[in-house]
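# A closer look at the structure
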Amino acid sequence: TRIGPGANLITKPEVVEYGGNINEKGEYNNTGIISFDENGNLCELIGTSFSAPRVTAIYSNIFNGIKKDNNNNFIKALLINSARIPLNNSKSINVN
C-alpha cells in the first residue's frame, strides 16, 4: 500500500475501504474483518490487504450496472465521486 505522491506525482490511494481497526490496547476483537485462515477456518484479522478486494467489488458493481459505457476511466470517476468520509472518523487512537 502507498500513501502520498505516486507515479507522475498523483496522490495515492484515490479510495480506500475499511480494513479493520484496533482499540487503545492494540487489540482488534470485534473490530476486524472476518475472513478465512490458511486452513479454511473463520478468523478475525486487520490490514490494508482487506481494502483492495472491497474496493474492487464496488468497482465491479458499478461496471456491471452500466451497460452502455464500460470505459475504465469513467467507472473510476464514478467510484471516486461516490466515496465518502466515514462519520465516526473523528477519534484518533494512539497506540505508542
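Just above sits the structure.
Residues numbered from 1 in each chain as written. Predicted model: local features only at pLDDT ≥ 70, side-chain atom pairs only at ≥ 80, totals over all residues. Heavy atoms only, no water.

Our next topic: a nonpolar patch on the surface. Side chains of I34, F36 and L42 sit close together on the surface and give an oily, nonpolar patch of about 380 Å² of accessible area. For I34, the position within the fold is in strand 3 (residues 33-36). (Patch = residues over 30% accessible without salt bridge, like charges linked within 9 Å, V, L, I, M, F, W, Y side chains within 5 Å. Areas by Shrake-Rupley, 256 points an atom, 1.4 Å probe, with all protein chains shown as cover. Salt bridge = Lys/Arg side-chain N within 4 Å of Asp/Glu carboxyl O. Helix = DSSP H or I, 4+ residues; strand = E, 2+ residues; numbered from the N terminus.)

Per the counting criterion, the structure on display carries 1 salt bridge. As a salt-bridge pair, E17 and R54 come within 3.8 Å of each other at their nearest N and O atoms. Taken together, the residues E17 in the loop between strand 2 (11-12) and strand 3 and R54 in helix 1 (residues 51-65) connect sequence positions 37 residues apart. Taking relative accessible area as the criterion, E17 reaches 27% and is therefore assigned partly exposed. For R54, a relative accessible area of 36% gives the class partly exposed. (Buried < 20%, exposed > 50% of the residue type's maximum accessible area, 1.4 Å probe, protein only.)

Once that is clear, we can look at the nonpolar core. Counting 6 residues, the largest nonpolar core consists of V15, V55, I62, I66, I75 and L79. When contributions to this core are tallied by element, the ones reaching two or more residues are helix 1 and helix 2 (72-81). Those residues in contact with I66 that lie beyond four places of it in its chain are F74 and L78. (Core = buried A, V, L, I, M, F, W, Y, C linked by side-chain atoms within 4.5 Å. Contact = heavy atoms within 4.5 Å.)

Its place among the elements puts A77 in helix 2. In this structure, the C-alpha to C-alpha distance between A77 and E14, residues 63 residues apart in sequence, is 10.0 Å.

With that settled, consider the pairing of strand 3. Covered by surrounding structure in strand 3 are I33 and S35 only, the residues I34 and F36 on the alternate face being uncovered. Note: strand 3 against strand 4 (residues 42-45), 4 bridges, orientation antiparallel. When the bridges of strand 4 are listed, I33 appears paired with L45. Linkage of strand 3 to strand 4, two consecutive antiparallel strands, is achieved through a turn of 5 residues, within which G40 is found at a positive phi near 85°. (Pairing = 2+ DSSP bridges.)

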